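The primary structure of each chain is shown beneath.
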Amino acid sequence: MSATPSPRGTRTGADRPELRKAVEEIAALGFTGVQVRVNDEHGTWTGSAGAREIGSAEPPPTDGHFRIGSNTKTFIAVLVLRLVAESRIGLDDPVGDHLPGFGLDPRITVRMLLQHTSGIFNFTGEYYDDGSFAPGITWSGREWVENRFRTYTPEELVRLSLDKPARFEPGTDWSYANTNYVLARLLVEKVTGRPVAEEMRRRILEPLGMPGTLAPTTETDIPEPHAHAYYRYAADGREQTVDVTRQNPSWISSGGDMVSTTQDLHTFISALVGGRLLPADLLEQMFAPHPKAGYGLGVFVQETPCGGTVITHNGGIAGHAGLMYSTPDGATTLTAGLNYVDDAGMSLAGAFQEATRRLVAEVFCGGRTAPADTAEAAPAAG
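What this report covers is the structure whose coordinates are included nearby. This one's a predicted model, so the numbers in the text were calculated from it and none came from an experiment.

**A look at the pairing of strand S14 (residues 333-339)**
Piece 1. S14 sits mainly inside the fold: 7 of its 7 residues count as buried.
Piece 2. With burial as the criterion, each face of S14 is covered, one bearing Thr333, Thr335, Gly337 and Asn339 and the other bearing Leu334, Ala336 and Leu338.
Piece 3. Of the pairings in the sheet, the one linking strand S2 (residues 33-40) to S14 comprises 7 bridges and is antiparallel in character. Its bridge partner lying in S14, glutamine 35 is registered against glycine 337.
Piece 4. Relative to S14, strand S13 (residues 320-326) is paired through 7 bridges, and the arrangement is antiparallel. In the sheet register, histidine 320 faces S14, and the bridge partner there is asparagine 339.
Piece 5. Connecting S13 to the antiparallel partner S14 that follows it, the hairpin turn spans 6 residues, and glycine 330 within it adopts a positive phi of roughly 75°.

**Remarks on the packing of aromatic side chains**
Piece 1. For the coordinates displayed, the defined rule picks out 11 aromatic pairs.
Piece 2. Centroid distance tyrosine 325 to phenylalanine 364: 6.3 Å. Interplanar angle 55°. Geometry classified as tilted. Linking tyrosine 325 in strand S13 with phenylalanine 364 in helix H11 (residues 349-365), this pair joins segments that are 39 residues apart in sequence. A single burial state applies to tyrosine 325 and to phenylalanine 364, both of which are buried.
Piece 3. An aromatic cluster of at least three residues, connected via ring pairs, comprises Trp139, Trp144, Tyr231 and Trp251.

**Here we look at the environment of asparagine 180**
Piece 1. Locating asparagine 180 in the fold gives a position in helix H7 (residues 178-192).
Piece 2. According to the relative accessible area criterion, asparagine 180 is buried, its value standing at 0%.
Piece 3. Residues asparagine 180 and phenylalanine 123 lie 57 residues apart in sequence; the distance between their C-alpha atoms is 9.7 Å.
Piece 4. The contacts of asparagine 180, once residues within four sequence positions are left out, are Met112, Leu113, His116, Ser118, Ile120 and Ser175.

**Regarding the pattern of salt bridges**
Piece 1. Per the stated rule, a full pass over the model turns up 27 salt bridges.
Piece 2. Here arginine 358 makes a salt bridge to glutamate 25, at a shortest N to O gap of 3.3 Å. Linking arginine 358 in helix H11 with glutamate 25 in helix H1 (residues 17-27), this pair joins segments that are 333 residues apart in sequence.
Piece 3. Classification of arginine 358 by relative accessible area gives partly exposed; the value is 28%.
Piece 4. Its salt-bridge partner being arginine 111, residue aspartate 92 comes within 3.0 Å of it at the nearest N-O pair.

**Looking at the nonpolar core**
Piece 1. Membership of the largest hydrophobic core comes to 78 residues, with the highest contact counts inside it found for Phe75, Leu114, Ile204, Phe268, Leu272 and Met286.
Piece 2. Every residue in contact with isoleucine 204, bar those within four places of it in the chain, is listed here: Phe75, Val78, Leu79, Glu199, Met210 and Phe268.
Piece 3. Ala27, Phe31, Phe364 and Cys365 belong to the second-largest nonpolar core, a separate cluster that totals 27 residues.

The rules behind the values
- Residues numbered from 1 in each chain as written.
- Predicted model: local features only at pLDDT ≥ 70, side-chain atom pairs only at ≥ 80, totals over all residues.
- Heavy atoms only, no water.
- Buried < 20%, exposed > 50% of the residue type's maximum accessible area, 1.4 Å probe, protein only.
- Helix = DSSP H or I, 4+ residues; strand = E, 2+ residues; numbered from the N terminus.
- Pairing = 2+ DSSP bridges.
- Phe/Tyr/Trp six-rings, centres within 6.5 Å; stacked < 30°, edge-to-face > 60°.
- Contact = heavy atoms within 4.5 Å.
- Salt bridge = Lys/Arg side-chain N within 4 Å of Asp/Glu carboxyl O.
- Core = buried A, V, L, I, M, F, W, Y, C linked by side-chain atoms within 4.5 Å.

Printed below as a string of structure tokens:
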């Protein structure tokens, strides 16, 4: 176990054995490793447990790089909302007016993309209430592992989705779909005339000083230092475990392709809730949750087990996961990266929920445990 002061020179709190114990217990749930950063009234605490890679005794770095999965959606939502603030697009504009080439339902608005109420089919597959599943692209199993360096274009992912029946009429329900955020990416690129990675650097990463964060689009490598991600599958009657740290994330696109660190995620969520990225009226709309899922515009708004509120988004992607939580006033933040062995059966899904429950309870509620149904589960992809 490693618990170290922040390398960025911020005020560091005491060793905090309760956090050390929570991180150790989370690693023991079955993750290869975990790194955690807490910023609160006591200062900054960072810690890690487990291993940087299988077969190594070296713990994960406390500010290493990792794929953040669906935390990407919060970044994309901020880009879109900044364009709204500049009156370059409207939240209630029909998306098809800006992206006419797809033949989108004219009732689908920009707001619906950001809140997952468009009804568009999820290109990573749809799980329906009756237990059935409609597949999308291949993102699991041996086929994905062997083709993980393939490039998908955002347009290809959107057209795949639009070839499938919509899940519901636009605006009538809520359903999480990575396709919404690929369309949001294309919207940013169309309105600005620049690639999303460039807009991300220009509008968010460089102004906030976030050197460890990137939108890789098709780049396969993760900057050092980093922990390793793994994927397990069966082939010819034998179980294979493959290091998938290097992969082409275009298969998930802006549904979950970004790389960051616990420090940078803290910087980002603190700036967001602190009003440094968006004007107050748009921030209020961003944090207004849909009644079905508690999802605003690119964030979840959740109650803690002790009656408080957190602004959050988590995400998992092929052996890496990112956690990002803040109180609405930014006084307390929790950011974390996990590395693990993923598989098609999502065998660590329960452990992921337990990990988030324990961390939220410890950081925001002094250790009081959250009920089993209050933690946000990692999406199946992204």
